[in-house]
Amino acid sequence: MSPIIYHDIPSLRAALQPYRGHQIDKQDRQQRIALVPTMGNLHQGHIELVKIAKQHADIIVVSIFVNPTQFGVGEDFDSYPRTLDEDVAKLATVGADYVFAPSVDAMYPVLPPPTTVLAGAISSQLCGQSRPGHFDGVGIVVSKLFNIVQPDVAIFGQKDYQQLAIIKQLVRDLSYPIEIIGAPIIRADDGLALSSRNQYLTESERQVAPILHRELQDLAEQLKGGGISQQAFESLLKDKRTRISDAGFTIDYLEVKTEALGSVVSDSTTFNIENKNIVILVAAWLGRARLLDNQLVVVG
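Residues numbered from 1 in each chain as written. Predicted model: local features only at pLDDT ≥ 70, side-chain atom pairs only at ≥ 80, totals over all residues. Heavy atoms only, no water.

Participant: Describe the overall build of the protein, listing the residues and the values that go with them.
Facilitator: Within the protein, the secondary structure is distributed over 10 helices and 11 strands. Whereas a compact globule of 300 residues would reach a radius of gyration of roughly 19 Å, the protein reaches 20 Å, a difference of no more than 12%. Based on the C-alpha atoms only, the size of the protein along its principal axes is roughly 60 × 45 × 40 Å. Contacts spanning at least 24 positions in sequence make up 72% of the contacts within the protein whose residues lie at least 6 apart. Counting only carbon and sulfur atoms, one obtains 50% of the accessible surface of the protein, whose full area is about 14400 Å². Within the protein, one finds 27 positive and 34 negative side-chain charges whose respective centroids are separated by 2 Å. (Helix = DSSP H or I, 4+ residues; strand = E, 2+ residues; numbered from the N terminus. Rg over C-alpha atoms; globule rule 2.2 N^0.38 Å. Contact = heavy atoms within 4.5 Å. Areas by Shrake-Rupley, 256 points an atom, 1.4 Å probe, with all protein chains shown as cover. Lys, Arg positive; Asp, Glu negative; His and termini not counted. Charge placed at Lys NZ, Arg CZ, Asp CG, Glu CD.)

Here it is, written out as structure tokens:
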């Protein structure tokens, strides 16, 4: 059965209202609503998000909205693929109930919006350094979607690790009563993290792209045993950056952070990654495609 599509906010709210607080079994379990926010051009990674949502909720809402506030000058807002009919057909195969596909005017009566949701210090590093204002745009659109849908649970992919951390912070700081679930990265058979922007890769670039994940895996193997000095750590990162660049990538960043995206250098002086959960994060250009990936590592 194909999901019902809504393009305006009042209609979606009216459709969801009957489910709120509705008892569905003898144990007084209430129906739960899940939100899966997307920008459309759906791939198998998005479909897995919906499958996870169905494990945690009864009613599944998938938003499809290419959000202008998170694109910078010269980025691909105008050329970003918009494939609503194909997306809806894919969502029908996994049982999504509603698709919210608003226009820009419906979401932003005034653009740029005079109200902002600032992501704070966590957004000033990594992707935020090369895409200033990006996460503030994410903050306002996610806040709006949370207010419109009022879900019990929302599913986000871990490929966008920094974004997921910012959304968890937003939910905490703005007291949203929403459970945030991070879904594992879905990869192609050769290890490339699935992304809508992968279609920007040429055939030859697509053959090179999996190197990014392989280098992250190798770095993770070398770090997980611990017992590494700061000098050796920095030398290892330098070598990895060189290897990735030599393969044809233009590196935006390759960094190792704590799981909470803090520095692995404690108190600005002490290097220590023993017995910690750390994350390796990379963003790199390959032709027109900006590829993201990350790898969690348990050290020690």
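Still more to cover.
Participant: How would you sum up the sheet that holds strand β2 (residues 33-38)? Please name residues and give values.
Facilitator: Across the sheet, which stays open at both edges, the 6 strands sit in the order β1-β4-β3-β2-β5-β6 with parallel pairing between neighbours. For this open sheet the edge positions go to β1 (4-6) and β6 (179-183), each flanked by a neighbour on one side alone. Looking at each pair of strands side by side, their axes are set apart by 25° on average, direction ignored. Relative to strand β4 (residues 98-100), β1 is paired through 3 bridges, and the arrangement is parallel. Within the sheet, the bridge partner assigned to Tyr-6 lies in β4 and is Phe-100. Contacts between helix α2 (residues 44-56) and the sheet are confined to β2, β3 (59-64), β5 (153-157) and β6, with β5 contributing the most and set at about 150° to the helix. Lying on the sheet, helix α7 (residues 161-173) is in contact with β5 and β6; it crosses β6 at an angle near 170°. (Pairing = 2+ DSSP bridges. Axes fitted to C-alpha atoms, helices over the stretch in contact; angles between N-to-C directions.)

Participant: I'd like to hear about helix α10 (residues 230-246), residue by residue, with values.
Facilitator: Here α10 contains 17 residues, and its C-alpha end-to-end distance of 24 Å stays within 8% of the 24 Å for a straight helix at 1.5 Å per residue. Those residues of α10 not exposed but buried are Phe-233, Leu-236, Leu-237, Lys-240 and Ile-244. Seen end-on, α10 carries its buried residues on one side only, within an arc spanning 95°. For α10, exposure combined with an orientation more than 90 degrees from the buried face picks out Gln-231, Lys-238 and Asp-246. Where α10 ends, the next residue or the one after it, Gly-248, has phi of about 115°, a positive value. (Expected span 1.5 Å × (residues − 1). Buried < 20%, exposed > 50% of the residue type's maximum accessible area, 1.4 Å probe, protein only. Arc of directions from axis to C-beta.)

Participant: Give me the lowdown on unusual backbone geometry, citing residues and values where you can.
Facilitator: Of all residues except glycine, most have a negative phi; of all peptide bonds, most are trans. For the peptide bond that leads from Leu-111 to Pro-112, omega is 0°, which places it in the cis range. Residue Asn-41 is not a glycine yet carries a positive backbone phi of 50°. As for its placement among the helices and strands, Asn-41 is situated in the loop between β2 and α2. Within the chain, Leu-126 stands out as a residue other than glycine whose phi angle is a positive 50°. Following the sequence through the fold, Leu-126 ends up in the loop between α4 (104-107) and α5 (127-130).

Participant: Can you tell me about the sheet that holds strand β11 (residues 289-298), naming the residues and giving the values?
Facilitator: On the basis of which strands lie adjacent, the open sheet formed by 3 strands has the order β7-β10-β11 and antiparallel pairing. Edge positions in the open sheet fall to β7 (250-258) and β11, since each of these has one partner strand only. Taking each pair of neighbouring strands and ignoring which way they run, the sheet shows an average axis angle of 10°. As paired strands, β7 and strand β10 (residues 277-286) are joined by 8 bridges and run antiparallel to one another. When the sheet's bridge partners are listed, Thr-250 is paired in β10 with Trp-285. Lying on the sheet, helix α9 (residues 211-223) is in contact with β7, β10 and β11; it crosses β11 at an angle near 20°.

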